[in-house]
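Below, each chain spelled out in residue letters.
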Amino acid sequence: MIAKAFQPIYSRIKALTKATITLDADGVQYDELAWVDGRTAQVIKVDGKEVSLQVFSGTEGLGTNAQVVFSGSAPNIHLSPLLAGRYFNAFGVPLDGKDKVQGEERDVKGATVNPVRRQLPSELLATGIAGIDLNNTLVTGQKIPFFADPDQPYNRILAEVAMRADSDRIVLGGMGISHDDFLMFQQRFNSSGAGDKIVSFINTSEDPPLERLLIPDLVCSAAEYFAFEKQEKVLVLLTDMTLYADALAIVSNKMDQIPSKDAMPGSLYSDLARIYEKAVQFQNGGSITIIAVTTLNDGDITHAIPDNTGYITEGQLYLKKDPETGLTIIDPFRSLSRLKQNVIGIKTREDHPQVMNALVRLYADASEARSKKENGFDLNEYDERSLRFAEAYTRELLDVQLNIGTEEMLDRGWRLMSRFFKDYELGIRQNLIDKYWPEAKS
Amino acid sequence: MTKGKITAILSNLLQVEVDGPIRQNEICYVLKAGEELMAEVIKINGNIAFAQLFEAGSGLKAGDQVHFSGELLEVSLGPGLLSKNFDGLQNDLEAMPGSFIQAGQRTPALDLDEEYEFTPLVKPGAILEAGDAFGEVPENALKHTIMLPFKFEGKWEITEIAPAGKYPLKHIVAKVKNENGESQDLSMVQKWPVKWPIKNYLRKERPAEIFRTGLRVIDSLNPIAEGGTAYIPGAFGTGKTVLQQAIAKNNRAEVVILVACGERANEVVEIFHSFPELEDLATGRKLKDKTTIVCNTSNMPVAAREASVYVGMTMAEYYRSMGHKVLLLADSTSRWAQALREMSNRMEELPGTDAFPVELPAVIANFYGRAGKVEMRNGTKGSVTFLGTVSPAGGNFKEPVTESTSKVARCFYALSQKRADAKRYPAIDPLQSYSRYLDYEEFQAFAAEHIESAWIEKVNRAKNLLSKGIEARDQISILGDDSVPLDYHRDFWKSELIDFAFIQQDSFDDTDMNSSLERQSFMLNRVLEICDKPQEFEDFSAVSAFYKKVINLFKQMNYSDFESDDFQKFNSELEALFNLQSIEA
Ligand SMILES: Nc1ncnc2c1ncn2[C@@H]1O[C@H](COP(=O)(O)OP(=O)(O)OP(=O)(O)O)[C@@H](O)[C@H]1O
Ligand SMILES: [Mg+2]
């Protein structure tokens, strides 16, 4: 990036913190980008002549005489179909050694979609994973995170889902991901022959943490370009949003803002919502679906980051290791897709809602039986059956490694129920029992 | 008009140096590249105004020009509000061009050229006070009265009034003068500042009649009264929005105002999509006809979240003034409180608990206080029934928004994480929740007359069985299935029966989603009958086997139309099953 001609250069910094600098300057815009001895910075407060900036790579080593040049505009991105297949850093600079992308320059903040111009998301997005397609069915235009403890293989599963789901374009935003995971994504994309449909903006754990604050806006701008202007079905992957929120906390802390819960800024909800609400089904057929990762601390979903996320997204996919079988599953209890109503039993087979609910209810009975057992009580005959059912359900449906179609999932569901239960124990509508039970039984 | 210049910018908080008089809460406009960005004065210190911008502050500079309007934040009130989709500042979203909302874009709330069939209700010489009707127009299925604007003080005499006929909204339909000889022209539209309650009524009544929601766990166990207030707190995903939307569909109010405050856009899209199709139970017309949506989703300007709930309330009060039954729903009031918190933090005010502003409880109390059933001066009655959701951080009800709301709302519908996890929907905890109206004598009398004479006793009986069931369950899980008397198992299964057959209700099933009071009383009686008959069982697994079959039949009944052939068939099966198991006392 080059400063516009005749931009004044300032060199008297009045105050410095680990993340911010303050100086006197004229005619500066709120949100404007600037360079401080070549480091990228952004205006976060204007008070009369006094301007405060956050320096993305940190202020370590900066002198009070560092040279400050303002760019005259907020962060922007050059949009063009040539973004496809490319890798960039948090400033939009190519990481792949190739040329900069030329294209229309646009403010990364972007405008809000008018809600009356949105379409109801109702196109099924299949992944072959029963924990998703059967229990928590996704649709295009949805926003949903994986909730995962740090020891779960969340990035591998995210890459797998991205490769299996039907999309025209994938935009990956890596925030503080390990370099190894970055290479894993790259390799997974290339080995699937999908390399050309992917655009990546990457900040790894080796890069300065504040830089990752720029990633979601770049990702969403690129996604919106392909979805709205090119009418593509765009899948956005954001990982790890917890590290993004941590960076927000650093800045607000340095700005002396009063923290709310868990040392997070009081605006965390709005900050996250601004990103996630970019998910949309446009009337012209294009769509943005966001699948994110929010890592948890010891499974604590009441922490401000997962908590605010849960209040914003349309459900969550809770990854965990099943203690009985050792398999990685999407927890049927704590996971949810709020848009599944728009497709299940409508775009999928009529028995889908009832079968899914019945299976989860029976699985809940098994978990009660398990805690009974752990407390040293005798199990009754029903408890025994439900425990055996739970294991079969985990192995034959929940295992994230499986890749099967939705109808097959439903058929397996009926077979599992008939193997372990009586029809009246299911609480399923009689007309569905009449139709599907006898076949499953035989 | 007063003008000013920006001196400081922190996100959407501006400081503006002004050259003349300004008012607290006055609306001002910032000029940016030919656009006018709207802001509201929230604090004044000397010649510096602190203003919250209803947009992002991006691109603004110190020195940018500001001009002040002299007006507070006001809404337009008149025919045509129904069926509209507004943003939080009452801009008509449908009237905006393009797929995206551009910063500073404004559209009029009402189309002043739209024509309505006006009928005068008074003759020249009539003396009116604010809120008195002088005309009437049909709006969808509703009689929309045209009133002397609420801002008018004292008595006014009609000097001219238009004959019956079709006129555009902006047309002068009447002229009035007061004792001082001042005269005024009146169109069908008036304006009112949203933060001020419309108080032209004679008196407020104690709510006495049930407000039907079609949900068994509410109407039967903890009913809300017409003109009453309720709040629904719950962790994310426990069912607040589904519950409110179910109420928005099932109610029999004449006007419904839905405020989507800082929540998801797709949830509002769902309403845009379904309400033009769904039938209104009260009139047989489409739901859209009686519904107004105020939509300020989480990605829309944060500062407008506060405005959005007041815009909704003011429109509700307006229709109440005509004598209509209005239902106001707000999802979620916590987002509005959070917007207040964001601003208070930026202003560096001394924070209260969890960094919320110290005046939060008073703000919430004033807002809930605007609901109610009122009698107008001409004897007609209107009501605003209000239900707000609360989104407590971490699902913990010990936080400022939940606690402040609990002090003012008369009904409490606690959504339980455990019930939601177990997919026992609606996840309202029947015992933790309450309705203060059950204690109102007026309300008890109403229930006795309109539902059943001993209704409240039956409801209490069901609640007792539920709490007995919980105790039994605890004992069973401490002592084990075999070590407790069989009665414990029966008590437990009776509470399961009440839960599965009565409390749980499928909001996504066309039949089960809405249950009439008549049907509710039939079902509750049926459930209690089974619970009360003495029964004999061999062992505890026989108890669960029996009750599972009973529950299954009840569920099938809930899925069948009331008194249909299927319904009767399952009911007879229930009868047979029941007789098999009964013993003579
Ligand atoms: N009555 C119900 N019947 C069936 N499913 C329900 C019911 N209530 C809630 N659900 C399920 O739970 C999901 C979440 O419900 P809802 O969106 O109402 O939660 P919420 O409390 O509003 O959450 P948030 O605070 O995040 O907005 C729904 O998408 C649906 O799958
Ligand atoms: Mg909700």
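Quick notes on the overall build of chain A
And then number 1: On a plain count of helices and strands, chain A comes out with eleven helices and 22 strands.
And then number 2: Rg of the C-alpha trace for chain A: 25 Å, near the compact-globule value of 22 Å for 442 residues, within the 12% margin.
And then number 3: Projecting the C-alpha coordinates of chain A onto the three principal axes gives extents of approximately 85 × 50 × 40 Å.
And then number 4: Out of the 442 residues belonging to chain A, those deemed buried represent 62%.
And then number 5: Counting contacts in chain A only where the partners sit at least 6 residues apart, residues at least 24 apart contribute 72% of the total.
And then number 6: In the form shown here, chain A has an accessible surface area of approximately 16600 Å², with 46% of it arising from carbon and sulfur atoms.
And then number 7: Charged side chains of chain A number 48 positive and 62 negative; the gap between the two group centres comes to 2 Å.

Concerning the site of ligand 1
And then number 1: Taken together, 19 residues surround ligand 1, and among them Gly237(B), Lys240(B), Thr241(B), Val242(B) and Arg264(B) come closest.
And then number 2: Near ligand 1, the surrounding residues belong to chains A and B.
And then number 3: Contact between ligand 1 and Gly237(B): an oxygen atom at 2.8 Å from a main-chain N or O atom of the residue.
And then number 4: Here Arg264(B) contributes a side-chain N or O atom positioned 2.7 Å from an oxygen atom of ligand 1.
And then number 5: Taking 620 Å² as the accessible area of ligand 1 by itself, protein coverage stands at 95%.
And then number 6: Of all the secondary-structure elements, those providing two or more residues to the shell around ligand 1 are helix 7 (304–312) of chain A together with helix 2 (240–250) of chain B.
And then number 7: The element contributing the most residues to the shell around ligand 1 is helix 2 of chain B, with three residues.
And then number 8: Residue classes in the shell around ligand 1 are distributed as seven nonpolar, seven polar and five charged.

Some thoughts on the pairing of strand 16 (residues 198–204) of chain A
All names here are of chain A.
And then number 1: Burial analysis of strand 16 places seven of its seven residues in the buried class, which makes it a mostly covered element.
And then number 2: Covered by surrounding structure in strand 16 are Ile-198, Ser-200, Ile-202 and Thr-204 together with Val-199, Phe-201 and Asn-203, the residues of both alternating faces.
And then number 3: The pairing of strand 9 (residues 87–88) with strand 16 spans two bridges and is parallel. The residue of strand 16 that forms the bridge with Tyr-87 is Ser-200.
And then number 4: Taken together, the seven bridges between strand 15 (residues 169–177) and strand 16 define a ladder with parallel strand orientation. Looking at strand 16, one finds that Ile-177 is bridged to Thr-204.
And then number 5: Taken together, strand 15, helix 3 (residues 179–191) and strand 16 form a β-α-β motif whose crossover is right-handed.

Digging into the sheet that holds strand 16 (residues 174–178) of chain B
As a general point, the strands of a sheet are linked pairwise by backbone hydrogen bonds and lie either parallel or antiparallel.
Residue and element names in this part refer to chain B.
And then number 1: On the basis of which strands lie adjacent, the open sheet formed by four strands has the order 11-14-16-17 and antiparallel pairing. Unpaired on one side and paired on the other, strand 11 (127–128) and strand 17 (183–186) mark the two borders of the sheet.
And then number 2: Bridge analysis of strand 16 against strand 17 gives four bridges, and the strand direction is antiparallel. The partner of Val-176 across the bridge, within strand 17, is Gln-184.

Some points on the confidence of the model for chain B
And then number 1: Overall, the predicted model of chain B reaches an average pLDDT of 94, with 99% of residues at or above 70.
And then number 2: For this predicted complex, the interface confidence reaches an ipTM of 0.93, while the overall pTM sits at 0.94.

Basis of the calculations
- Residues numbered from 1 in each chain as written.
- Chains lettered and ligands numbered in written order.
- Predicted model: local features only at pLDDT ≥ 70, side-chain atom pairs only at ≥ 80, totals over all residues.
- Heavy atoms only, no water.
- Helix = DSSP H or I, 4+ residues; strand = E, 2+ residues; numbered from the N terminus.
- Rg over C-alpha atoms; globule rule 2.2 N^0.38 Å.
- Buried < 20%, exposed > 50% of the residue type's maximum accessible area, 1.4 Å probe, protein only.
- Contact = heavy atoms within 4.5 Å.
- Areas by Shrake-Rupley, 256 points an atom, 1.4 Å probe, with all protein chains shown as cover.
- Lys, Arg positive; Asp, Glu negative; His and termini not counted.
- Charge placed at Lys NZ, Arg CZ, Asp CG, Glu CD.
- Near = heavy atom within 4 Å.
- Polar contact = N/O pair within 3.5 Å; in protein donor to acceptor, adjacent residues only side chain to side chain.
- Nonpolar A, V, L, I, M, F, W, Y, C, P; charged D, E, K, R; others polar.
- Pairing = 2+ DSSP bridges.
- Right-handed = clockwise from strand over helix to strand, strands pointing away.
- pLDDT = per-residue confidence, 0-100.

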